[in-house]
Amino acid sequence: MNTIIRKSMLSVAGLAFAGGVFAGPIAAHAASPAVDAKPVAVAVQSAAPKPQGDQSHISLNDEQTANVKAIIAATKKAGLPERAAVISIATSLQESKLENLGHLGEKNDHDSLGLFQQRPTSGWGTPEQITNPEYSTTAFLKGLKQVDGWQDMALTDAAQTVQVSAYPDAYAQWEQQATDLVAQHWNS
């Protein structure tokens with residue numbers, strides 16, 4: 001028991017020392033006379049959050065790649081950053097594998113359609129609108145913009161808040177592929 005207390009005390013003392021070493025020079029300059037200096041701009045680069053959990057990946061055909069490009073174009077048109085496109089593409093990968101789903105008959109999840117499996121009966125739009133990639137992406141992004149702090153949320157939390165899925169954690173598995181697709185197509 002004494003060993004644990006002693007180690008804890010040494011840790012606290014070490015932190016206090018380190019804090020004094022680093023704060024000391026700053027505090028010393030704060031007390032010195034004013035210097036005529038111009039402020040320096042500091043670039044802070046925030047990295048996108050690391051993907052959560054095991055990641056999935058599928059090979060895309062031409063139609064799916066065209067849908068990626070449509071999602072990116074709609075995101076740019078909405079004036080949103082790349083992170084919004086990543087969330088949108090990951091959501092579409094989960095919901096439809098980036099395929100613009102029409103009515104699937106008995107296999108249909110209620111009346112879900114399009115890239116995001118949006119439902120006309122839930123107010124997402126008409127079947128014709130929902131199966132238009134630009135419209136469905138814009139509708140998804142409109143929902144995303146209403147989520148406070150979506151930019152800093154885990155992808156799966158942001159997507160789930162918009163989609164209200166029965167499988168809320170499923171979006172996370174597509175984050176790396178969505179990030180890679182946005183990196184590949186954002187400037188093309």
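Before reading further, recall that the structure is shown in the block above.
Presented here is an overview of the structure given in this document. Because the structure is a prediction, the values reported are computed rather than measured. (Residues numbered from 1 in each chain as written. Predicted model: local features only at pLDDT ≥ 70, side-chain atom pairs only at ≥ 80, totals over all residues. Heavy atoms only, no water.)

### Considering the overall build of the protein chain
Reasoning step 1: When you go through the protein chain residue by residue, the secondary structure sums to seven helices and zero strands.
Reasoning step 2: When the helices and strands of the protein chain are listed from N to C terminus, the series reads α-α-α-α-α-α-α.
Reasoning step 3: Counting across all 188 residues of the protein chain, residues that qualify as buried make up 32%.
Reasoning step 4: Considering only contacts within the protein chain whose residues lie at least 6 apart along the sequence, 58% involve residues at least 24 apart.
Reasoning step 5: Of the roughly 11900 Å² that the protein chain leaves accessible, carbon and sulfur atoms contribute 57%. (Helix = DSSP H or I, 4+ residues; strand = E, 2+ residues; numbered from the N terminus. Buried < 20%, exposed > 50% of the residue type's maximum accessible area, 1.4 Å probe, protein only. Contact = heavy atoms within 4.5 Å. Areas by Shrake-Rupley, 256 points an atom, 1.4 Å probe, with all protein chains shown as cover.)

### Re the packing of aromatic side chains
Reasoning step 1: As enumerated under the stated definition, the model contains one aromatic pair in all.
Reasoning step 2: Note on Phe 116 and Phe 140: the rings are 4.9 Å apart at their centroids and 10 degrees apart in plane angle, and the pair reads as stacked. One end of the pair, Phe 116, is in the loop between helix 3 (82-96) and helix 4 (127-130); the other, Phe 140, is in helix 5 (residues 133-145), with 24 residues separating them in the sequence. We note that Phe 116, like Phe 140, is buried. (Phe/Tyr/Trp six-rings, centres within 6.5 Å; stacked < 30°, edge-to-face > 60°.)

### Brief notes about the packing of helix 3 against helix 6 (residues 155-163)
Reasoning step 1: Taken N-terminus to C-terminus, the directions of helix 3 and helix 6 make an angle of 70 degrees; their axes are 10 Å apart at the nearest point. Between helix 3 and helix 6, the crossing angle belongs to the class labelled roughly perpendicular. Like other packed secondary-structure pairs, helix 3 and helix 6 cross with a definite hand, here right-handed. Here helix 3 contributes Arg 83, Val 86, Ile 87, Ala 90, Thr 91 and Glu 95 to the contact with helix 6, which in turn contributes Leu 155, Ala 158, Ala 159 and Gln 163.
Reasoning step 2: Residue composition of the contact of helix 3 with helix 6, by class: six nonpolar, two polar and two charged. (Axes fitted to C-alpha atoms, helices over the stretch in contact; angles between N-to-C directions. Parallel < 35°, antiparallel > 145°, perpendicular 65-115°, else oblique. Left-handed = near helix turned anticlockwise from the far one by under 90°. Nonpolar A, V, L, I, M, F, W, Y, C, P; charged D, E, K, R; others polar.)

### Overview of the pattern of salt bridges
Reasoning step 1: Under the defined criterion, the tally for this structure stands at two salt bridges.
Reasoning step 2: In this structure, Glu 134 engages Lys 77 in a salt bridge whose closest nitrogen and oxygen atoms are separated by 2.8 Å. A residue pair is termed long-range when its members are at least 10 positions apart, and Glu 134 in helix 5 and Lys 77 in helix 2 (residues 62-77) qualify at 57 residues.
Reasoning step 3: The class for Lys 77 is exposed, based on a relative accessible area of 66%. (Salt bridge = Lys/Arg side-chain N within 4 Å of Asp/Glu carboxyl O.)

### Notes on the side chain of Ser 112
Reasoning step 1: As for its position among the elements, Ser 112 is in the loop between helix 3 and helix 4.
Reasoning step 2: Ser 112 has contacts with Gly 102, Gln 117, Gln 118 and Arg 119, leaving out every residue within four places of it along the chain.

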